[in-house]
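Analysis of the macromolecular model
Each chain, written out:
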Amino acid sequence: MHDMRTILTLLQHGDSNFPAGGFAFSWGVEGLEIDGHLPRGRAALQGFVVDQLAHRWDSMDRVLLRRAFAADIDGIEEVDHETEALTLSAEMRQGSRRAGRALIGVHARLGGEMAALYRARLDAAPGHLPPAQAIAARDIGLDLGAAELLAGWTLITGLVSAAVRLGTVGHLDGQAVMAEAGGHLEHLLARDPSDDAHAFTPISDIAIARAPLRAQRMFAT
Amino acid sequence: MTVQETISGTVPAARFGIGGPVGSGKTALVERLIPALTARGVDLAVITNDLVTIEDAERLRRSGLIDPDRVSAVEAGACPHTIIREDPTLNIEAADALERRFPGVELILLESGGDNLASTFSLDLTDFWIFVIDVSGGDDIPRKRGPGVLKSDVLVINKTDLAPHVGVDLARMEAEARAVRGGRPVLMTDCRHGEGIDALVELIETQVLFRK
């Protein structure tokens, strides 16, 4: 169980108002909705969020975050390059880099020492989101468990927030999806993930990769 | 030294926000400002926040007015006001990237996506920002006292040439705008014909770039 200081930090940094650019990323929600693979309603979004949690975040992003969390600054950069190599879609790579760089940027401005150090490496390092989340978590004094909780929760809020803005679900169904997904996140966090970073979310990967072909595009991913 | 100052090791570029409702003429104003500022030797770059497409960014890139690499587009995530106020992080990152790519850039024009009268810029994003409305949107807009109208550093009333065609009393609209803004600057422009642009450029040189 986390102490009060950690809980307050999580509330601040897990709030969708935390200014790290997250609201501009739909991570496939927009593409799936346009392509007709995410029908309106709670059930479809629920399934999508749970799939993303289990088959991308838990098996890949979380694994990379854990490695970066335990590494020194050079080791973090290695994880960063590994993230680049493991992310198949160019659009997904770009989205992860932009989201990660935004997170590092805001933490550097807020006085984060490791974020400032790593920001100076971003001409060479990609700046992907999982290592950036590890850097941010260390700068704000979270332990590994809290860092994982924050990363998983911000994925859930980001997906649901994008779906509400796209009209896929209403605001109340959105809250229901978040509550349900929170239960899945709790289940995932109760055990350690695999050591091998891997993901299998082909439908959303294709939806994100198709973004440059669409005339309508409101989100970065 | 701030984070921003370390980007290029030089004085950071001034960041100039341009907000206003859809269709008020923000992009047309940028198209007028680019050649006017360039003619005065201002080293500049542009960021656009299109709502649904990257049409504004592409329009500027193809305009021949500026090196296309100096134009960046940032997606607004369906919330144009959020990306300039509550969470301007992606715009800040885009501006930082432009400064890294073009050391010595003096001015970054940041054009918001079209929004409503309540949109304002974060003080952490821009050094100076203007709000563009137009006469065809109705001469009652200044009277509505939206935060964009009231809090911007300069209010620009564009499309003055259309006033007689849309039944707007231009003199009254300008007087009401000046009254609600308590004497803060109001500029009248007709971007289509280039009217009023020099006054804005002069203001940028004196109040944003501190050249005079």
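If you're wondering where the values come from, they're calculated on a predicted model, not measured in any experiment.

Parameters at a glance
Residues numbered from 1 in each chain as written. Chains lettered and ligands numbered in written order. Predicted model: local features only at pLDDT ≥ 70, side-chain atom pairs only at ≥ 80, totals over all residues. Helix = DSSP H or I, 4+ residues; strand = E, 2+ residues; numbered from the N terminus. Expected span 1.5 Å × (residues − 1). Buried ≥ 20, exposed ≤ 12 C-beta atoms within 10 Å, placed from the backbone. Arc of directions from axis to C-beta. Contact = placed C-beta atoms within 7 Å. Axes fitted to C-alpha atoms, helices over the stretch in contact; angles between N-to-C directions. Parallel < 35°, antiparallel > 145°, perpendicular 65-115°, else oblique. Nonpolar A, V, L, I, M, F, W, Y, C, P; charged D, E, K, R; others polar. Pairing = 2+ DSSP bridges. pLDDT = per-residue confidence, 0-100. Left-handed = near helix turned anticlockwise from the far one by under 90°.

Details of helix H9 (residues 171-189) of chain A
All names here are of chain A.
- Under the 1.5 Å per step criterion, the end-to-end length of H9 is 26 Å for 19 residues, consistent within 8% with the ideal 27 Å.
- Regarding H9, the residues found buried are Gly-174, Val-177, Ala-181 and Leu-185. Down the axis of H9, the buried set is contained in an arc of 80°. They therefore lie on one face. More than 90 degrees from the buried face of H9, the exposed residues found are Leu-172, Ala-179, Gly-183, Glu-186 and His-187.
- On its buried face, H9 sits against helix H3 (42-70) and helix H8 (144-166).

Quick notes on the packing of helix H4 (residues 73-86) of chain A against helix H7 (residues 129-139) of chain A
All names here are of chain A.
- Following both chains from N to C, one finds H4 and H7 inclined at 150°, their axes separated by 8 Å at the closest point. The pairing of H4 with H7 is recorded here as roughly antiparallel in orientation. Contacts between H4 and H7 pair Ile-76, Val-79, Asp-80 and Thr-83 from the former with Pro-130, Pro-131, Ala-134 and Ile-135 from the latter.
- Broken down by class, the residue content of the contact of H4 with H7 amounts to six nonpolar, one polar and one charged.

Points about the sheet that holds strand E7 (residues 186-188) of chain B
Residue and element names in this part refer to chain B.
- If you walk across this open sheet you meet the seven strands as E3-E2-E4-E1-E5-E6-E7, and the pairing is parallel. What marks the edges here is a single partner per strand, and that holds for strand E3 (71-73) and E7. Here the average twist between neighbouring strands, direction ignored, is 20°.
- Relative to E7, strand E6 (residues 154-158) runs parallel, the two being bridged by three bridges. Among the inter-strand pairings, Ile-157 is bridged to a residue of E7, identified as Met-188.
- Of the strands in this sheet, strand E1 (14-19), strand E2 (44-48), strand E4 (107-111), strand E5 (128-134) and E6 are in contact with helix H1 (residues 26-39), which crosses E4 at around 170°.

Here we look at unusual backbone geometry
All names here are of chain B.
- One non-glycine residue with positive phi stands out, namely Lys-159, at about 60°.
- In this fold, Lys-159 is placed in the loop between E6 and helix H6 (170-180).
- The backbone of Phe-210 shows a phi angle near 50°, a positive value even though the residue is not glycine.
- Looking at the element boundaries, Phe-210 is found in the segment after helix H7 (197-208).

Structural notes on the confidence of the model for chain B
Residue and element names in this part refer to chain B.
- When pLDDT is averaged along chain B, the result is 90, and 93% of the positions lie at 70 or above.
- Between the elements of chain B, mean pLDDT differs from a low of 82, seen in helix H2 (residues 55-61), to a high of 98, seen in E7.
- Listed scores for the predicted complex are pTM 0.87 and ipTM 0.81.

With respect to H7 of chain A
Residue and element names in this part refer to chain A.
- With eleven of eleven residues buried, H7 lies mostly within the body of the structure.
- Among the residues of H7, those classed as buried are Leu-129, Pro-130, Pro-131, Ala-132, Gln-133, Ala-134, Ile-135, Ala-136, Ala-137, Arg-138 and Asp-139.
- Taken from the residues just after H7, Gly-141 is the one with a positive phi, measuring 80°.

So, the interface of chain B and chain A
- Taken residue by residue, the interface counts 18 residues in chain B and 21 residues in chain A.
- Those elements that place two or more of their residues in the side of chain B that touches chain A are helix H3 (80-84) and helix H4 (89-101) of chain B.
- Its residues assigned to classes, the side of chain B that touches chain A comprises nine nonpolar, four polar and five charged.

Details of the packing of helix H5 (residues 90-109) of chain A against H7 of chain A
Residue and element names in this part refer to chain A.
- H7 packs onto H5 with a crossing angle of 15° between their chain directions and a minimal axis gap of 8 Å. With respect to H7, the element H5 is oriented roughly parallel. Judged by the sense of rotation from one axis to the other, the crossing of H5 with H7 is left-handed. Judged by residue contacts, Ser-96, Ala-99, Gly-100, Leu-103, Ile-104 and His-107 of H5 engage Leu-129, Pro-131, Ala-132, Gln-133, Ile-135, Ala-136 and Asp-139 from H7.
- Looking at the contact of H5 with H7 residue by residue, the classes come out as eight nonpolar, four polar and one charged.

Observations concerning the environment of Val-156 of chain B
Residues and elements named next belong to chain B.
- Relative to the assigned elements, Val-156 resides in strand E6.
- Residue Val-156 is classed as buried on the basis of its C-beta count, with 26 C-beta atoms lying within 10 Å.
- Separated by 30 residues in sequence, Val-156 and Val-186 place their C-alpha atoms 5.8 Å apart.
- Beyond its immediate sequence surroundings of up to four residues, Val-156 is in contact with Leu-29, Ile-130, Phe-131, Val-132, Leu-187, Thr-189 and Leu-200.

Quick notes on the environment of Val-135 of chain B
All names here are of chain B.
- Relative to the elements of secondary structure, Val-135 occurs in the loop between E5 and helix H5 (147-151).
- Spatially, the C-alpha atom of Val-135 lies 6.7 Å from that of Ile-157, the residues being 22 residues apart in sequence.
- In contact with Val-135, other than residues within four places in its own chain, are Ile-157, Lys-159, Thr-160, Leu-162, Ala-163, Val-166, Val-168, Leu-170 and Met-173.

A short note on the pairing of E5 of chain B
Residue and element names in this part refer to chain B.
- A large share of E5 lies buried, amounting to six of its seven residues.
- For E1 and E5, the ladder comprises four bridges, and the chain directions are parallel. Paired with Gly-17 across the strands is Trp-129, a residue of E5.
- In the sheet, E5 pairs with E6 via five bridges, with the strands oriented parallel. Each residue of the ladder has a partner; that of Ile-133, found in E6, is Ile-157.

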